[in-house]
Amino acid sequence: MSLIGDGWADRYEVVEGYEQEAEGGITMKLQSEVVKTFDDYYLKLRIDKNTRNPWFAEFWQYRFQCRLPGHPQENKNYKKVCSGRW
């Protein structure tokens, strides 16, 4: 199983807070091959080393529900401080 998905059909957080609106909806999930080289690359990403992607800090904070103190994109809604590791 791939660590990264290309579908939203089985992800409950997508409709969190909108369950009533989503009820009865139909979704499709594509079947795709595992791309091991991408999974390897993705799992090696680190917040302190990945400076070429301007969206990465925002993604990291959302993914790990943590904040990056002093970062221009610091999300102060999260109490936990990011560790920088998966």
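Counting restarts for each chain: residues are numbered from 1 in the order of the written sequence. Totals for whole chains, interfaces and linings use all residues, but because this is a predicted model, local features are given only for residues with pLDDT of at least 70 and pairs of side-chain atoms are given and counted only at 80 or more. Remark: hydrogens and water are excluded; side-chain values derive from all non-hydrogen atoms of the structure.

- For the chain, the name recorded in an unreviewed UniProt entry is Metabotropic glutamate receptor 1, with Goodea atripinnis as its organism.

**Considering the packing of aromatic side chains**
Here is step 1 of the chain: Between 30 and 60 degrees the pair is tilted, below 30 it is stacked and above 60 it is edge-to-face, where a pair is any two Phe, Tyr or Trp rings, Trp via its six-membered ring, whose centres lie within 6.5 Å. One pass over the full model with this rule turns up eight aromatic pairs.
Here is step 2 of the chain: Ring geometry for F38 versus Y41: centroids 5.9 Å apart, planes at 45°, classification tilted. Linking F38 with Y41, this pair stays in helix α2 (residues 36-44), spanning three residues, or about one helical turn.
Here is step 3 of the chain: Each residue is placed in one exposure class: buried if its accessible area under a 1.4 Å probe, protein chains only, is under 20% of its type's maximum, exposed if it is over 50%, and partly exposed if it falls in between. Residue classification places F38 among the partly exposed residues on the basis of a relative accessible area of 37%.
Here is step 4 of the chain: Their ring planes at 70° and their centres at 5.8 Å tell us that W55 and F56 sit as a pair that is edge-to-face.
Here is step 5 of the chain: Ring pairs connect the aromatic residues F38, Y41, Y42, W55, F56, F59, W60 and F64, which therefore count as one cluster. Runs of E in the DSSP output that reach at least two residues are strands. Runs of H or I that reach at least four are helices, and both are numbered from the N terminus.

**Side note on the state of the cysteines**
Covalent bonding between the sulfur atoms of two cysteines defines a disulfide.
Here is step 1 of the chain: In plain terms, two cysteine sulfur atoms within 2.5 Å form what is called a disulfide here. Here the structure, examined in full by the defined rule, presents one disulfide.
Here is step 2 of the chain: Here C66 connects covalently by a disulfide to C82, the sulfurs 2.0 Å from one another. Handedness of the C66-C82 disulfide follows from its S-S torsion of about 95°: it is right-handed. Remark: C82 occurs in the segment after α3 (56-64) and C66 occurs in the segment after α3; sequence separation between them is 16 residues.
Here is step 3 of the chain: Judged by its relative accessible area of 12%, C82 is buried.

**Thoughts on the side chain of Q61**
Here is step 1 of the chain: Mapped onto the elements, Q61 comes out in helix α3.
Here is step 2 of the chain: A distance of 2.9 Å separates a polar atom in the side chain of Q61 from the backbone oxygen of Q73.
Here is step 3 of the chain: In contact with Q61, other than residues within four places in its own chain, are C66, R67, L68, Q73, E74, N75, Y78 and C82. N or O atoms within 3.5 Å of each other form a polar contact, as long as, within protein, one can give a hydrogen and the other can take it, and as long as residues adjacent in sequence are counted only when both atoms are side-chain atoms. Two residues form a contact once any of their heavy atoms are found within 4.5 Å.

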